[in-house]
Structure formats: C-alpha cells, structure tokens
Amino acid sequence: MSETHRDDRAAGAGQDELLLAMAGITKRFPGVVALDDVDFDVRRGEVHVLFGENGAGKSTLINIVAGTYPQDDGTMTFDGRRITHLTPHQSRLAGISPVFQEFSLAPDLTVEENLFLGREQARWGVLRKGAMRTRAREVLHDLGFDLRPGARVGQLMRAQQQMTEIAKALLQDLKLFILDEPTASLTERETNRLFALIERLKGEGVGIIYVSHRINEIRRVGDRVTVLRDGKKIGTVQASNVEETKLVEMMTGRRIDALFPDIAAMAGDAMLDVRNLSTVDGRLSDVSFEVRAGEIVGVAGLVGCGKSELARAVFGLDKFSVGELDVLGERVAHPTPTGMLKRGVCYFPSDRVAEGLALSRPVRENASVAALDLADFTRWRFIRRRQERTAIKRIVEELRVRPPQIERSVDHLSGGNRQKVMLARGLTRDIRVFLFDEPTVGIDVGAKTEVYQFLGELTKRGAAVLLISSELPEVVNLAHRVYVMHEGRIVNHLEGNEITEEAVLASFFGTGADAPSAGAAAG
Amino acid sequence: MTALTPPEALGRRPLKALVQFVVLYGALPIIIALMYLGFGLIEPAFHSGENAINILKQSSYLAILAAGQLFALLTRGFDLSVGQLISLVSVAGGLVMLDVLEGSPGAVALAVFAGIAVGLGAGLATGVVNGVCVAVFRINPFVVTLGMLGICMGFATTLSDGFPVFNLPEGLTNTLSRADVIGIPVPVIAALLVLGTAYVILNHSVLGRSMYVIGSNPRAAHTAGLRSRLHLASAYVICSVFVAVGALLLTARTGSGEPNLGGGLMLQSIAAAVIGGVSLRGGEGKVIHAVYGALFVTVLSVGMNLIRVDGTIQQIILGIVVVAAVYLDQLRTRFR
Ligand SMILES: Nc1ncnc2c1ncn2[C@@H]1O[C@H](COP(=O)(O)OP(=O)(O)OP(=O)(O)O)[C@@H](O)[C@H]1O
Ligand SMILES: [Mg+2]
C-alpha cells in the first residue's frame, strides 16, 4: 500500500476507519506538564507506535486512554462515541485493553488466578469459572508462551511476568490493544510470538498502540509512528519509510551517530571467579565463569535459562548448594548483599519495581541506599544529609534523570527515569564488579548510548562488568566475551570475532556446536 | 515537562493561602483548631487555661505511644501488644518500688529508680521478642503482637492478682506527673524528649532511613544491602521502649500500679498515628503525624467529656474516625 494512498484514506477516514481519536490532550502533574495539547488517533487494524524519550509522556497518554486518570483538557472519541469521565472499568468494557509498563500482578497468586483476577464477577458469572479456566489455558497456549499456569507470579522472572500481563490483556473482548514496552525483557523467541499475535489482531481489525524504545521493532510492526518530546507532539510519520536517524532526531532534537561505543578490552586480573556453582533451587547447575577487570562479559540465553540467577546467586540472593566463589581473589563462602557490597560487588535487578526501588521514597534515598555504610554519607551511623544531597544531585545530573529533582518520590518518575535512579546506586560507592541484569530496560535510545558509554567508563577505570541481557545487539556489540546459557548450564563461550548474533542464537537451544566444558569456558 | 510557576504568591487570596497551607501541613492542624474553638463555643470552660494545660498533658502521653506505634507502622507492621504492655510495666514497676521500700523504708529515690529500670527492662524485653519473631522468624506482626498482648496481660494479672498496686511513693507522682520545669509539666517535657529522639532516629540515622525503605519495599531494602532484619527488629524494640516510658508516666499520674491501665490505649495509639497521617502500607509517616494525631484524639475526647458525651458513644465515634482516616489516606494515594 503506497503512502499517498494511505494518507488519502486518513484524510477521508470516516467514523468506522478511526477507532480512537484524541484531540488537544493536556495533562498536568504537580510541577510538570506531562502532555501538552497532543493529538493522537488509531485506525482499525493499525499499529500506531508512540516513540519518545524517557518522560516524554507516552505512558501518560496510554493511562488516559485506559481510564487510569482523566485528562485536564482535550477530547476523546472511541469507536464513534465521545468519551468523558472514563474509568478503568468502563475502558475495559469498551474493549480497550492495556498492558502497562510496570506490572500490576498479584505476586501471591498463580498465573492462572492472575489472568482472571477482577473479571470473575464483572463479566462472567460464578458458573462460568470453569470456562474461564479453559479460556486462560487456551490463551497461554495460543500465545505459545512457555508458562506454567500454576506457577506463583512472585517467583517468575520479569520476562515471564510480562507474558502473564500480555495474556491477561488478551482475555477480554479486544478493540484497542495497548502495549507499553512489552518486549523490554523478552528474548527473540517470545518477541516473535508477540509480533505474530499482533499481525493476527491487525487482521481482525483491532487497533494497537505500541510503545517501544527499540527502533528496529518499530519498523517491523509499526504502521505509523508518533513522536513525543517533553509532552508535545513532534509529528507523525509512516513507519515503513522513515530513517532510523530521522526518528532519533525527532525524538531527541539532536543527532546520535553511533549507538554502541567501541569499548577496548583490557582484561586484567580476575575480579569474579565462579567454579562449579549449583543453586539449591536447581536453576543453576555446575556453572563456572569469570569476569576480569576491564572487560565486559555478556550472558545471553532464553527466558528462564538461568542467566538472571547467575547474578543473584553471586550476590547472595539465591542460595547455592555447591560451588566456589572468589571475589577479588578472596574466597566468599556465604555471600550476602551487605557483604558483597562491602567487597565492591553491586547487583542491579531486572525488576526495578519489585526489587530495585522503594517507590514511595524520594530519588535521593533510593540513590544513596546502597552506600549508607560509607564515611562519605554517614558518620557514626548518622546520615550526613548535606553531603548526601550534594553527591546525589551530582549523580542525578550525570545520569540525566528528568526531572532532576532529588526530593521527588520515585513513583512520580517515568519508567526510564526510574531505571536511571536505580543505576545511580553504582556511582555512590567504589564498585569493582557490576552485575547488571537488563540494565537498559525501558531506557530511551539517547539514554541507552549514555548507559553504554557509562559501561565503557567503568571498564576503563578497571571495573569488571557482567552484562546479562535479552537484547541481543546489546550483548553482541558491547561484550568482549559472551557466555550462552541453556536450562541452567553454560553451553557456549564466545570470544572476540566469534561473537555474532547468529553464533549466540545458535546455542540458545543448548545445541552449541562445540559447547566447551564449563572449566574450559572459564579458562 | 514544562515547569510550572512555583507557589510564590502565598496569601494573595485567603483561599489560596489555605489550600497551600493544607498542601504543606495537611488539613489536620486546621481541623484540630476548629474543634478546639467549637467545643469552647458549646462549653466555655473548655477554653480555660487550666483545660489547655490538661489537654497538653493528656496528649503528651498519647503522643509518646503513637510515636512508638509509628515505628511499627513504618515498617509495614503494627503493635497490638501496646495496651497490655502498659499494664505490665505499670504493675511490675509498682511492685518493685514497694519491694525496695519494704527493704529499706525511706529510700524513695532508689525505689523510684528501680521501678523505672524494671519498667523499661520489661519494655525492652517485649520489644526484642516481638522484633525477633517478626524479623527473624518472619511471623506475621498481627499474630506476634496479638500473642504478646496475651502474654503481657497474663503477667500483669498474675503479678498483681488483678488488684491495683497501691501505696506507691508520693515522690513518683510528685516528680513525674505534678512537677514542672520553668512552667512546663514534666510529662510534656518527657514527650518532647521522646519525640525528639524519634525525630533524630527517623531523619538522621541510618536505622531510620532503612526503616522507611523497608516499609516501602522490603525486597528492595534487602537487595540494596541494608541489614533489614536487624533494622526491622529494632522498630519493635523502639516501639516497646517508648511505650514503657509512656506507661511509667501514666503510672505516676494515677499513683498506683494498674493492671487495667492500658485497656483502650492500643486502639488509641494506632488511631492517633493513623489519623495523624501515618500510612498503613508502610514507608510513609513522620513524627509530626503522631503529634497531630495525639492532639486530635485528646481534644476530641476531652471535649466530648466536657459536653458530657457518653463513654461508649465516644468509643464509637473514635472507631468511625479511624476508619474514615484510613479511607482518606487511600483516596490521597489514589489521586496522586
Ligand atoms: N503520577 C505522576 N505524578 C507526577 N508526575 C508524573 C506522574 N506520572 C508521570 N509523571 C511525569 O510526567 C512525565 C511523563 O511521564 P511518562 O510516564 O508519561 O513518560 P514516558 O514517555 O512513558 O517515559 P518512559 O519512556 O521513561 O516510560 C514525566 O516527567 C513524569 O515525571
Ligand atoms: Mg513509560
């Protein structure tokens, strides 16, 4: 379909073409204008991408459509009807189904229970509970997501929780499907499943709003792209024929040339040396690896392959049954978070809401929380508040957290900015070993380059970096060595020129051609 | 994200000034002031200087208890054993004083000192047990402190045979209840000291900071390397020690060791903290909230006494106010 043709249709789009039309939407929060006179529409059977920096207002727009909170100004028409005073419940009934950036699952319930949580009475009588159960299993199966319906959500990885959220959104009648950074922690396989699903929904005439910071995805699934910056609409373009650099320029207002910096390998002494490690829960078995000073070591693998557990076990969050762990040449028999931080090891969890941040507390407290045993911040167990403020202000500016107000509570920040607040932890003390689990979840392209450069700086200073990521380009372009995991074991180790997307992908299913023994991998 | 103009023009219009005051300090100070004026209109005696001092003294006891409760609430728990601990401290302290006086009549200072020491010791022990059960054994605070409620009640009744411990030294009441320093009653001074301590812990110590983080997200606290078990247990210890201080002051006021002294105070202490603005979800609350809450509850009950509202009806009203306060707190977070 040619662009002109499309635009013709847009011009003459009748009421049935246009599923959602928003005009002049403005939303203010105390101290910020999150959306400023924004027009936005979605046609039936179309994927309309929202693109923009962290804090640009994407999630806010979505929340207004979903009825989370009302706009201060502007009008909204959905399915030919003018909509005012929308509540979340009405929005669901109307066929609007959002998958939010931050999850809203009940951690103590199972996947299945979460799926039909809050819907039992609303739409289905008690008698239909059996039908709902079948339906839930159907949806999971349909999606092809590798999820056990009986698993407790609190014990799932971030990626699996993401799948649960998606499945949950699909259980209702769909007219408008909203995805806010759905792939942030999914790997290729799940992402492909999701895209297949999106294609199918498009065919059924469902409108889709898609938010992502991954440019290649945008071009893959998007029909149109609307770019927001600082709460204002910059423009809407066709996804098929827009240049990547053009998008980034619209988004940031400046040009970004290279996404991935060249980080020279300067491997020094082994900072972290793990031998034959197995965890009590069996999610890791006989894993050996090492990370040297001045290098970035990537860990790749499918969701649930144990790559997250690697860092958790080292940091003392998952108990190990056998194995040896040396940090900076010293044996650590019983790692605990407190002890590991003292030794200069810091872990950055993938799930910032569940494990990383105290949302109701201000940025300052979240940033300094891992350094409260240092003389820089405390004296005789009392906090030196002035020093704390100055140091955190500096770090927040360095990481470009927006808005740069250290007393703002973290739940008032956008997703990407929350992530930066968590990363700030690594700058408050002298960390020698960085354990990153999905460090760029939800971070915009501009900020990503900053994080990558930050990783470069760290290695230059002689830090050891373990980079666990499901974003393959990230691992392939940054890491000096890569371990590939499958079902709790390290199945491949790649170095230098061997590191290509194909080579890494090839071992994802445990079929690494010449999977070296674990011992050899470490050596 | 264009920045809005900061609130400079305070007082341009009275309504605007009022709104800004409420945003900064909450509506409670205004409500307390209105209640104070209102009761005075119905019953002029309410506005006497004597009554003002009475309210101040009364709310001092409650503020101390609410400050203790604040620590438990901040870490996502609460302490149900507060009331019965008060009874236990009162009885145990009283009995020790009598014992000492029996051994060496006339040694009033020694007796009072020993009584205070034992009372504080009982508080400390209770707090440690509560804290260890909650933080180390991970038992639900509701269950732990409910059990402790029973244990304290049992001890208090057994030790006293269910009768008040009379004949406590006059010196106790004279120093800890009736005396004043440059016109400020001793209980008020004690409350200021306790509240000051709480303020310093919460705002300036690593322990306090940690408690806020634990209350806001316990898993994040652990991952960030905070010694969360120790800090969580400390919250209960601090709570019980504060309560023991309050109990000793209350004992001095009545002049006897009372096995029923704490009866309604568990509800009142939680009520004061929650009405004052401490969140039940943990991680949010300040010392000033305990003060507001204590003043509110005291003004309400003294006022209702003066205009002769029946005691049972007072209980009902307090109950309703607590539930309403929690509901308002939820509304507040929903509209953020
Ligand atoms: N509940 C809130 N209270 C106050 N301010 C908020 C609230 N939610 C969002 N904001 C502010 O509104 C602005 C837009 O936030 P929004 O979450 O829409 O950004 P976003 O485009 O989704 O960013 P990201 O890519 O980081 O997720 C930000 O400046 C944010 O700090
Ligand atoms: Mg967002």
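All residue numbers here refer to positions counted from 1 along the written sequence of the relevant chain. Naming scheme: in the order in which they are written, chains are lettered from A and ligands are numbered from 1. Local features in this predicted model are restricted to residues whose pLDDT is 70 or higher, and side-chain atom pairs enter the listing and the counts only when it is 80 or higher, whereas totals over whole chains, interfaces and linings include all residues. Neither water nor hydrogens contribute to the side-chain values; these are computed over all heavy atoms in the structure.

How would you summarise the overall build of chain A if you had to cite specific residues and measurements?
Within chain A one finds 20 helices and 22 strands. Note on method: radius of gyration uses C-alpha positions; expected globular size equals 2.2 Å times residues raised to 0.38. Its C-alpha atoms give chain A a radius of gyration of 23 Å, within 12% of the compact-globule value 24 Å for 523 residues. We call a residue buried when its accessible area falls under 20% of the maximum for its residue type, exposed when it is over 50%, and partly exposed in between, using a 1.4 Å probe and counting protein chains only. Sorting the 523 residues of chain A into buried and exposed places 59% on the buried side. When checking whether two residues touch, look at their non-hydrogen atoms; a contact exists if any pair is within 4.5 Å. Across chain A, contacts joining residues at least 24 apart in sequence account for 69% of those joining residues at least 6 apart. Of the roughly 20,900 Å² that chain A leaves accessible, carbon and sulfur atoms contribute 47%. Comment: elements are numbered from the N terminus, with helices defined as DSSP H or I runs of at least four residues and strands as E runs of at least two. Here the accessible surface of atoms and residues is derived via Shrake-Rupley with a 1.4 Å probe, and residues count as covered only by protein chains that are part of the display.

With reference to specific residues and values, describe the overall build of chain B.
What chain B contains, in helices and strands, is 14 helices and two strands. Relative to its length of 336 residues, chain B is compact, with a C-alpha radius of gyration of 21 Å against a globular reference of 20 Å. Structurally, chain B occupies a C-alpha span of about 75 × 55 × 40 Å along its principal axes. Per-residue burial over chain B gives 49% buried out of 336 residues. Neither His nor the chain ends is counted toward charge; the positive residues are Lys and Arg and the negative residues Asp and Glu. Charge placement uses NZ in Lys and CZ in Arg. For Asp and Glu, CG and CD serve respectively. Each charge class in chain B was averaged separately, 18 positive and 13 negative side chains, and the resulting centres sit 21 Å apart.

I'd like to hear about the site of ligand 1, residue by residue, with values.
Neighbouring residues are identified by heavy atoms, a residue being near a molecule or strand if any of them is within 4 Å of it. Taken together, 22 residues are adjacent to ligand 1, and Gly55, Ser59, Thr60, Ser414 and Gly416 of chain A come closest. Near ligand 1, residues from chains A and B are present, making the site a shared one. Interatomic distance of 2.7 Å between a side-chain N/O atom of Ser59 of chain A and an oxygen atom of ligand 1. Between ligand 1 and Ser414 of chain A there is a distance of 2.7 Å, counted from an oxygen atom to a side-chain nitrogen or oxygen. Burial of ligand 1 by the protein amounts to 94% of the accessible area it has alone, namely 640 Å². Those elements giving two or more residues to the shell around ligand 1 turn out to be strand E2 (32-43), helix H2 (58-65) and helix H16 (415-424) of chain A. For the shell around ligand 1, the leading source of residues is H2 of chain A, giving three residues. Gly is placed with the polar residues, together with every amino acid not listed as nonpolar (Ala, Val, Leu, Ile, Met, Phe, Trp, Tyr, Cys and Pro) or charged (Asp, Glu, Lys and Arg). Partitioning the shell around ligand 1 into residue classes produces seven nonpolar, 11 polar and four charged. For the domains described, the bounds stem from an automatic or database domain assignment. Lining the shell around ligand 1 are residues from two domains, each supplying at least three of them: domain 1 (1-95 + 176-256) and domain 4 (357-429) of chain A. Throughout this description, a polar contact denotes any pair of N or O atoms lying within 3.5 Å of each other; where both atoms belong to protein, one of them has to be capable of donating a hydrogen while the other can accept it, and for residues adjacent in sequence the pair is counted only when both atoms sit in side chains.

So what about the sheet that holds strand E19 (residues 433-437) of chain A? Which residues, and what values?
Residues and elements named next belong to chain A. On the basis of which strands lie adjacent, the open sheet formed by six strands has the order E16-E19-E20-E13-E21-E22 and mixed pairing. A strand with exactly one partner marks an edge of an open sheet, and here the two such strands are strand E16 (345-348) and strand E22 (489-495). Across this sheet, the average inter-strand angle for adjacent strands is 15 degrees, counted without regard to direction. The sheet contact formed by E16 and E19 spans four bridges and is parallel. Within E19, the residue paired with Val345 across the bridge is Val433. A pair of strands is labelled paired if DSSP reports no fewer than 2 bridges between them. Every axis corresponds to a line fitted to the C-alpha atoms, with the helix fit spanning only the stretch in contact, and the corresponding angles, defined between N-to-C directions, vary from 0 to 180 degrees.

Give a description of the pairing of strand E21 (residues 481-486) of chain A that names residues and reports values.
Consecutive side chains of a regular strand alternate in pointing toward one face of the sheet and then the other. Residues and elements named next belong to chain A. Most of E21 is tucked away: six of the six residues are buried. Of the two faces of E21, the one carrying Arg481, Tyr483 and Met485 and the one carrying Val482, Val484 and His486 are both buried. Where strand E13 (residues 296-301) and E21 come together, five bridges link them in parallel fashion. The residue of E21 that forms the bridge with Ala300 is Val484. For E21 and E22, the ladder comprises six bridges, and the chain directions are antiparallel. By the bridge assignment, Arg481 is partnered in E22 with Glu495. In this antiparallel pair of consecutive strands, E21 and E22, the connection spans two residues, and Glu487 shows a positive phi of 45 degrees.

Break down the pattern of salt bridges for me, with residues and values.
By salt bridge we mean one thing: a side-chain nitrogen of Lys or Arg within 4 Å of a carboxyl oxygen of Asp or Glu. If you walk through the whole model with that rule in mind, you get 40 salt bridges over all chains. For Asp281 of chain A, the salt bridge goes to Arg283 of chain A, with nearest N and O atoms at 3.9 Å. Accessibility expressed as a relative area gives 43% for Asp281 of chain A, which makes it partly exposed. A salt bridge links Arg364 of chain A to Glu407 of chain A, with the shortest nitrogen-to-oxygen separation between them at 2.7 Å. Taken together, the positions of Arg364 of chain A in helix H14 (residues 363-368) and Glu407 of chain A in the loop between helix H15 (385-398) and H16 put the pair 43 residues apart, joining distant regions of the chain. For Glu407 of chain A, a relative accessible area of 44% puts it in the partly exposed group. One salt-bridge network, in which partners are shared between bridges, spans Arg361, Arg364, Glu365, Glu388 and Glu407 of chain A together with Arg209 of chain B.

Explain the domain arrangement of chain A to me, using residue names and the numbers behind them.
Residue and element names in this part refer to chain A. One can read the domain layout of chain A as domain 1 (1-95 + 176-256), domain 2 (104-172), domain 3 (258-344 + 430-523) and domain 4 (357-429). With 18 residues of domain 1 in contact, the opposing surface of domain 2 contributes 15 residues. What gets called buried area is simply the loss in accessible area from a 1.4 Å probe that two parts show on being joined, summed for both. Counting each side, the surface lost to burial between domain 1 and domain 2 is near 1,200 Å², with a carbon and sulfur contribution of 64%. When the area that domain 1 buries against domain 2 is broken down by residue, the three leading residues are Phe177, Ser185 and Arg193, summing to 32%. Summed over the shared surface of domain 1 and domain 2, the result is zero salt bridges. When residues of the side of domain 1 that touches domain 2 are traced back to their parent elements, those giving at least two are helix H3 (88-93), strand E7 (176-180) and helix H8 (188-203). Sorting elements by how many residues they give to the side of domain 1 that touches domain 2 places H8 first, with seven residues. Of the residues in the side of domain 1 that touches domain 2, the class split is nine nonpolar, three polar and six charged.

Requested: an account of the coordination of the magnesium ion (ligand 2), with residues and values cited.
Only N, O and S atoms count as donors, using a 2.8 Å limit from the metal and a wider 3.2 Å limit for Na, K and Ca, and since water is excluded some coordination spheres may look unfilled. Donor atoms from the polypeptide that bind the magnesium ion (ligand 2) are Ser59 of chain A (OG) and Gln101 of chain A (OE1), placed at 1.9 to 2.1 Å. Taken as a pair, Ser59 of chain A in helix H2 and Gln101 of chain A in the loop between strand E6 (96-99) and helix H4 (111-115) lie far apart in primary sequence, 42 residues in all.

Let's hear about the pairing of strand E3 (residues 47-52) of chain A: which residues, and what values?
All names here are of chain A. With six of six residues buried, E3 is to be regarded as a mostly interior element. Alternating positions in E3 separate into two faces, Val47, Val49 and Phe51 on one and His48, Leu50 and Gly52 on the other, with burial throughout. Across four bridges, E3 lies against strand E8 (residues 207-211) in parallel orientation. Bridged to Val47 within E8 is Ile208. In this structure, E3 lies alongside strand E9 (residues 224-229), joined through five bridges in parallel fashion. Within the sheet, the bridge partner assigned to His48 lies in E9 and is Arg224.

I'd love a proper account of the sheet that holds E9 of chain A, names of residues and values included.
Residue and element names in this part refer to chain A. Taking strand neighbours across the sheet as the criterion, the six strands line up as E6-E7-E8-E3-E9-E10 in an open arrangement whose pairing is mixed. The strands lining the two open edges of the sheet, one partner per strand, are E6 and strand E10 (232-238). The sheet shows a mean angle of 15 degrees between the axes of neighbouring strands, taken without regard to direction. In the packing of helix H7 (residues 158-170) onto the sheet, the strands contacted are E6 and E7, and the crossing angle to E6 comes to about 180 degrees.

An account of the interface of chain B and chain A is requested, with residue identities and associated values reported.
Taken residue by residue, the interface counts 26 residues in chain B and 41 residues in chain A. Summed over both partners, the interface of chain B with chain A buries about 2,900 Å², with 56% contributed by carbon and sulfur atoms. For the interface between chain B and chain A, the tally reads three salt bridges. Arg209 of chain B is the salt-bridge partner of Glu388 of chain A, the closest N and O atoms lying 2.7 Å from each other. If you look at where chain B meets chain A, you find 11 residue pairs in polar contact (both at pLDDT 80 or more).

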